[in-house]
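Residues per chain, in single letters:
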Amino acid sequence: MAVRSGFGVAAVLALALVPGCSAPDAPAPTPTAAPVTSMLPPAQTLVPTQQRNERIRGMLYTAGCTSNSCVQVYFACLDGYLTGEPCQFFRDHPPPP
């Protein structure tokens, strides 16, 4: 409990000293407008496997597979992690080259 009150007293003293640090008769600096520069992010290029995955996702969207779960199931079937009935859509819509 004494530690908390010690921290409280130190905080009050610090706050009491802060206003006295500035000179009241010193003129405030005039604000200047800084030029705004807009930086474009570096151009990101996709590696060939990412480009192929984007083509597959585009094909899936046009085929009606728009949910995240549908896309995940498709890629799981493509990679061989999933087989059977859930992969029927994959078999009906083979991936583009």
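Residues numbered from 1 in each chain as written. Predicted model: local features only at pLDDT ≥ 70, side-chain atom pairs only at ≥ 80, totals over all residues. Heavy atoms only, no water.

1. Let's talk about the state of the cysteines
Within this structure, the stated rule accounts for two disulfides. Here C65 is linked by a disulfide to C70, with a sulfur-sulfur distance of 1.9 Å. Residues C65 and C70 share a disulfide whose torsion about the S-S bond is about -130°; that sign makes it left-handed. For C65, a relative accessible area of 2% puts it in the buried group. Sulfur-sulfur distance for the disulfide between C77 and C87 comes to 1.9 Å. Every disulfide takes its handedness from the sign of the S-S torsion; for C77 and C87 that torsion is -90°, giving left-handed. (Disulfide = S-S within 2.5 Å. Buried < 20%, exposed > 50% of the residue type's maximum accessible area, 1.4 Å probe, protein only.)

2. Comments concerning the nonpolar core
One finds I56, M59, L60, C65, V71, Y74, F75, C77, C87 and F90 forming the largest nonpolar core, which totals 10 residues. Elements represented by at least two residues in this core include exactly α2 (48-63) and α3 (68-79). Tallying contributions element by element places α3 first for this core, with four residues. Leave out the neighbours within four places in its chain, and I56 touches Y74, F75, L78, P95 and P96. (Core = buried A, V, L, I, M, F, W, Y, C linked by side-chain atoms within 4.5 Å. Helix = DSSP H or I, 4+ residues; strand = E, 2+ residues; numbered from the N terminus. Contact = heavy atoms within 4.5 Å.)

3. Concerning the pattern of salt bridges
According to the stated counting rule, one finds one salt bridge in the structure shown. Ionic pairing is found between R57 and E54, a salt bridge with its closest N-O pair at 3.4 Å. Residue R57 and its partner E54 are both found in helix α2; the two are separated by three residues, about one turn of the helix. The exposure class of R57 is partly exposed, given its relative accessible area of 43%. (Salt bridge = Lys/Arg side-chain N within 4 Å of Asp/Glu carboxyl O.)

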